[in-house]
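This is what each chain is made of:
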Amino acid sequence: MATDLEDIVEHMRRFAWPDYLVFVSMLMLCILIGVYFGFVQRKPNTESEYLMGGRTMMVFPIALSLIASFISGITLLGLPTEVYSFGIQYVYVALGVTLMGFVMGFIYLPVFHKLNITSTYEYLETRFDRRLRMFGSIMFTIMNIGYLPIVIYVPALAFNQVTGVNIHVITPIVCIVCVFYTCVGGLKAVVWTDVVQTFSMFGALVLVAVKGTIDLGGSDVVFRSAWNTGRLERPNFDINPTTRHTFWSQLIGGFVYWLQTNAVSQNMIQRYLSLPSVAAGRRALWIFVFGVCLLMSLCSYCGLLIYATYQNCDPLTTKLARAKDQLLPLFVMDILRDLPGLPGLFVAGVFSAALSSLSTCLNSMSAVILEDFVKPFVHKPLSQRTINWIMRSVVVGVGALCAALVFVVEKMGTVLQLTMSLEAITNGPLLGTFTIGILIPWVESRSALTGGIFGVIFMSWLSLKAQYWVATGTIVFPHKPMSVDGCTYEFDRSLANATSTSVYTTDDIFPLFRVSYMWYTFLGAAVTILVSLLCSVLIYGRQDPKTVSPDLMAGFVRRYIHGPDVPTVQGNARVVVLTPNAYGKNGKTSHESAL
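Sequence positions are assigned chain by chain, starting from 1 and proceeding in written order. Under the rules for a predicted model, residues below a pLDDT of 70 receive no local features and side-chain atom pairs below 80 are neither given nor counted, while totals for whole chains, interfaces and linings still include all residues. The side-chain numbers reported here are obtained from all heavy atoms of the structure, hydrogens and water having been left aside.

Per an unreviewed UniProt entry, the protein chain is named Sodium-coupled monocarboxylate transporter 1, and its organism is Anopheles melas. UniProt positions are given in the numbering used here, feature names are shortened, and annotations may be inferred rather than shown by experiment. The heading Subcellular location (unreviewed entry) in the UniProt record of the protein chain holds the text "Cell membrane". On record in UniProt, under Sequence similarities (unreviewed entry), the comment for the protein chain is "Belongs to the sodium:solute symporter (SSF) (TC 2.A.21) family."

Put into structure tokens, the structure is as follows:
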């Protein structure tokens, strides 16, 4: 006898007391780690200790923190849905991630590590001027405030799917926990909670993959159903940039996206700079690359597993999963609901991903606000008490703001593509600006600033307009085959035949708006660099590369401009901004040993 859809939903919401116990235990463990580093481990309560861990952190915990920081609930829930709906073409982005490891390790990381800075955007003032530093800091702040509510919202969706608890009840609770241990324990608490949370993420995914595979009768069943429906596919070598995912968009576009996120973003660079040497940073980088690729593979397999389970009754069409990013939680409750404690372990894993990303961003925001928005505008040194008050106030304030913005995010649709599209507004121009500084020494500050502003305007126009056409249903991405023929419960059959009500078709849209979102960061960086070069040639003139400090360039550029024997800063020396004639006519740098 057919069952009503609502009965099925309620039947799957069996989040029992052992599940709540596991979930609450994860939150309590995070609080205890914060208490330990804030009150038990007696370390000097200094800015360096709070933001950089004293620059003496160990490689493995930092590497796990990098993985946890980048892999948020957006990836844990969004990637399985992506593979379920569109196949594994996205997963070839692992090639771009690997390429990023080489480029970052040998070009970007040595420059930042040598300067011994706290805020990544200090580099922009040292290389150009204060206007570029403010530009970078403002872009970072805007991006983080837009990104963090999505990070919080996604695991709240999972919790709502398995418990029925309203997302606006759970998000403030999780934010309070995260703000507490980030405020109290600083970077060390963030890193060590990330270590715990990384194991929780991996454990949750392995648990789901193993149990689901056993229920289906083996992995061969999973791969066979995926192959028969085109989800398990070879790379698509189509050169058309409007194709959603191709080998080239994943390799080149993915490489540029991950390079910006990992190589010049304060969220990630702050962790690399907490390590004592460049060699340690490179080791952490490659552990990060391997861990991210492994985690993405697990998420992708879970997507194929979900399809093999629901191939005859698509829960997205029937609205058994009310939002696309509730698909994995639905699957978890379906296969684990009779095993008390295991659904709680999964939800703890998803929230671990969110907490790690949130705490990382909050800690980085406190560094940027202090270093870029406060210190440059005060006329006398701040007391340690004032610095501590500012850093912790930023964590509390930004955490509260992001929890409030969840009300906006819940109206915005599928998170994986949305996040990458909106991030590109600031990410592309920022990567372009840093790349100009490190690789193109004949571009001066006015040209770089013009290029950056033009890049932000261009990407805002492109990304927001494209997302508008996606939201109205005009730009539609064809899914892999879905079926509801085997459903054993009643649902609204008209939903299976629903179509867009837009008066336009995809072909009516200007081709630029149909370019794959995977190219957005690449486009933003390319436009920024191109406009900066044109300004240097046509308007402001070229800068003499020899007036730029060698330490601000990539190694091969430095050798080309200054020759192989130019001295560079060693050890803990720090590049500082001096007067306009200290290094060259544009206010470049000199070297000063750190005390």
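Visitor: How do you make sense of the state of the cysteines when you look at a structure like this?
Guide: Any pair of cysteine sulfurs within 2.5 Å is marked as a disulfide. Throughout the structure, instances matching the rule amount to one disulfide. Here Cys 313 pairs with Cys 487 through a disulfide, and the sulfurs are 1.9 Å apart. Between Cys 313 and Cys 487, the S-S torsion sits near 105°, and that sign places the bridge as right-handed. Of this pair, Cys 313 sits in the loop between α13 (278–310) and α14 (315–318) while Cys 487 is found in the loop between α19 (445–471) and β2 (489–490), placing the two residues 174 residues apart along the sequence. By the burial criterion, Cys 313 is buried, and Cys 487 matches it. Of the cysteine sulfurs around Cys 302, a residue in no disulfide, the closest is that of Cys 299, at 6.5 Å. Overall, the relative accessible area of 0% leaves Cys 302 in the buried class. Going along the chain from the N terminus, every DSSP run of H or I of four or more residues is numbered as a helix, and every run of E of two or more is numbered as a strand. For the exposure calls, accessible area comes from a 1.4 Å probe over protein chains only, and a residue counts as buried if that area is under 20% of its type's maximum, exposed if over 50%, partly exposed in between.

Visitor: How should helix α9 (residues 167–216) be read in this particular structure?
Guide: Turn by turn, an α-helix covers 3.6 residues, leaving residues three or four places apart pointing in a common direction. Expected helix span is taken as 1.5 Å per residue step, with the number of steps being one fewer than the number of residues. End to end, α9 covers just 32 Å across 50 residues, shorter than the expected 74 Å (1.5 Å per residue, more than 12% under). The principal kink in α9, of about 130°, is found at Gly 186. Looking at where α9 begins, the residue whose side-chain oxygen comes 2.7 Å from the main-chain nitrogen of His 168 is Asn 166. Bend, in this description, refers to the angle at a residue between axes fitted to the seven residues ending there and the seven starting there. Two N or O atoms form a polar contact when they lie within 3.5 Å of each other; inside protein one atom must be a possible hydrogen donor and the other a possible acceptor, and for residues adjacent in sequence the pair counts only when both atoms belong to side chains.

Visitor: Hey, could you run me through the pattern of salt bridges in this one?
Guide: Between Lys or Arg on one side and Asp or Glu on the other, a salt bridge is scored when a side-chain nitrogen of the former is within 4 Å of a carboxyl oxygen of the latter. Per the stated rule, a full pass over the model turns up 10 salt bridges. The salt bridge partner of Glu 125 is Arg 133, with a shortest N-O separation of 2.6 Å. Glu 125 sits in the buried class, given a relative accessible area of 11%. A single network of salt bridges, built from pairs that share partners, joins Glu 125, Arg 130, Arg 133 and Asp 372.

Visitor: I would appreciate a short explanation of the side chain of Thr 433 in the present structure.
Guide: Mapped onto the elements, Thr 433 comes out in helix α18 (residues 415–439). Overall, Thr 433 belongs to the buried group, its relative accessible area being 0%. The contact criterion used throughout is that any non-hydrogen atoms of two residues lie within 4.5 Å. Here Thr 433 is in contact with Leu 124, Phe 128, Leu 132, Phe 135, Gly 452 and Thr 528, once residues within four sequence places are set aside.

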